[in-house]
Amino acid sequence: MSVAYFNGDFMPLESVRISPLDRGFLFGDSVYEVIPSYAGQLFLLTEHLERLQRSLDAIRLESPLSFDQWRGMLEELVRRNEGDVPIDLGLYLQVTRGVAPRDHAFPAGGPPTVFAMANPIVPLADTIRQAGVAAVTGPDTRWSRCDIKATTLLANVLARQEAREQDAVEAILLRDGQVTEGAASNVFALVDGTLVTPPLASSLLPGVTRALVLRLAAQCGLDVVERDLSESQLRAADEIWLTSSTKELLPVCRLDGHPVGAGVPGPAWQAVHAAYQQAKRDAHPSRAPVEGCA
């Protein structure tokens, strides 16, 4: 039975009860974060909490906890969900504007709702290392403030469901002929030897994993640039990657039913994926060593 955190208390996840008048439930008036923990240690915690603060600021909601209080709560949540052997976990954290009579306008005062839970992170399967994953493209029908990590994700849900119905793991979204991001990921493409990812804007989330991959790719000797990525460039790319905090770095080897490059994970992905694993090792020395930029 997993343990959750809810408004100051730790309890079994099944025991959490949220009011139907909570604005997160009624309006999606809330933001969230997903933070990985490897072998009992939170990964890139500062970057995740900084993004949480930016999301809270964007919706004009005061943070209910300080940085040290967030860290203490999340570390305790990890401890309570690991058991005797440390495991890799993805921590889901949500902050809503709290409980109030239903009205679109902000309520006067009142505490926010804070909820967090933990789920195991599934290691990358050997089949993905060898053959990659499939993705499809689709129109970006989301709102114009995708830089806020808000829980209003219905358009993302519909896009991901359409991908699943086409035996794909992700939908890569297009707006005005340009790539924005995946339904739940950032997108990279190797185009004529240059690793391209769309620049930060209100149309996409500033991914914490995205930022790390940019640094690692440069360290691995790749020519890296943040610029517009057109649909035609995406379709002609030699490699396509998806990044997220719990999926880390996925190689897309089939796009809309057609092979990407050679149809297998490419050498650039192999190098940066190895460097990512080394970054985890460097952050948490108890993990077994791996080779970076192989």
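Residues numbered from 1 in each chain as written. Predicted model: local features only at pLDDT ≥ 70, side-chain atom pairs only at ≥ 80, totals over all residues. Heavy atoms only, no water.

### A look at the overall build of the protein chain
At step 1: Scanning the protein chain for helices and strands turns up 8 helices and 15 strands.
At step 2: In terms of overall size, the protein chain behaves like a compact globule, its C-alpha atoms giving a radius of gyration of 20 Å where 294 residues would be expected to give roughly 19 Å.
At step 3: C-alpha extents for the protein chain along the principal axes are approximately 55 × 45 × 30 Å.
At step 4: When the 294 residues of the protein chain are sorted by exposure, 49% land in the buried category.
At step 5: For the protein chain, restricting intrachain contacts to residue pairs at least 6 apart in sequence, the fraction spanning at least 24 positions comes to 67%.
At step 6: Summed over all atoms, the accessible surface of the protein chain reaches about 14100 Å², with 53% contributed by carbon and sulfur.
At step 7: Computing the positive centroid from 26 side-chain charges and the negative centroid from 36, the protein chain places the two 3 Å apart. (Helix = DSSP H or I, 4+ residues; strand = E, 2+ residues; numbered from the N terminus. Rg over C-alpha atoms; globule rule 2.2 N^0.38 Å. Buried < 20%, exposed > 50% of the residue type's maximum accessible area, 1.4 Å probe, protein only. Contact = heavy atoms within 4.5 Å. Areas by Shrake-Rupley, 256 points an atom, 1.4 Å probe, with all protein chains shown as cover. Lys, Arg positive; Asp, Glu negative; His and termini not counted. Charge placed at Lys NZ, Arg CZ, Asp CG, Glu CD.)

### A look at the confidence of the model for the protein chain
At step 1: Residues with a pLDDT of 70 or more make up 97% of the protein chain, whose mean pLDDT is 95.
At step 2: Within the model, the stretch residues 287-291 combines pLDDT values under 50 with 13 contacts to residues more than four positions away or in other chains. (pLDDT = per-residue confidence, 0-100.)

### Details of the nonpolar core
At step 1: Grouped together as the largest cluster of nonpolar side chains are 25 residues, with contacts concentrated most on W70, L74 and L91.
At step 2: By residue number, the principal contributor to this core is helix α3 (residues 67-82), which donates 5 residues.
At step 3: The residues contacting W70, other than those within four sequence positions of it, are L49, L52, S63, P64, L65, L93, V95 and V114.
At step 4: Y38, L190, L212 and L216 belong to the second-largest nonpolar core, a separate cluster that totals 21 residues. (Core = buried A, V, L, I, M, F, W, Y, C linked by side-chain atoms within 4.5 Å.)

### A closer look at the sheet that holds strand β6 (residues 113-120)
At step 1: Across the sheet, which stays open at both edges, the 6 strands sit in the order β2-β1-β6-β5-β3-β4 with antiparallel pairing between neighbours. Because the sheet does not close on itself, it has two edges, and the strands there are β2 (9-12) and β4 (41-42).
At step 2: Pairing of strand β5 (residues 89-96) with β6 involves 8 bridges; the strand directions are antiparallel. Among the inter-strand pairings, T96 is bridged to a residue of β6, identified as T113.
At step 3: Packing of α3 onto the sheet brings it into contact with β1 (3-6), β2, β3 (30-38), β4, β5 and β6, and relative to β5 it is tilted by some 135°. (Pairing = 2+ DSSP bridges. Axes fitted to C-alpha atoms, helices over the stretch in contact; angles between N-to-C directions.)

### Thoughts on the packing of helix α6 (residues 208-219) against helix α8 (residues 267-283)
At step 1: At a minimum axis separation of 10 Å, α6 and α8 run at an interaxial angle of 115°. As judged from the angle between their axes, α6 and α8 are roughly perpendicular. Note on packing geometry: the crossing formed by α6 with α8 is right-handed. Residues T209, L212, V213, L216 and A217 of α6 lie in contact with α8, whose contacting residues are V272, A275, Y276 and A279.
At step 2: Taken together, the residues of the contact of α6 with α8 sort by class into 8 nonpolar, 1 polar and no charged. (Parallel < 35°, antiparallel > 145°, perpendicular 65-115°, else oblique. Left-handed = near helix turned anticlockwise from the far one by under 90°. Nonpolar A, V, L, I, M, F, W, Y, C, P; charged D, E, K, R; others polar.)

### Concerning the pattern of salt bridges
Opposite charge on two side chains lets them pair, provided their charged atoms get close.
At step 1: Within the structure shown, the criterion is met by 16 salt bridges.
At step 2: The shortest N-O distance in the salt bridge between R79 and E76 comes to 2.6 Å. Taken as a pair, R79 and E76 lie in helix α3 at a separation of 3 residues, close to a single helical turn.
At step 3: Linking K280 and E248 is a salt bridge whose minimum nitrogen-to-oxygen distance equals 2.8 Å. Highlighted residues: K280 in helix α8 and E248 in strand β14 (residues 248-255), separated in sequence by 32 residues. For the residue pair K280 and E248, the accessibility class agrees, reading buried in each case. (Salt bridge = Lys/Arg side-chain N within 4 Å of Asp/Glu carboxyl O.)

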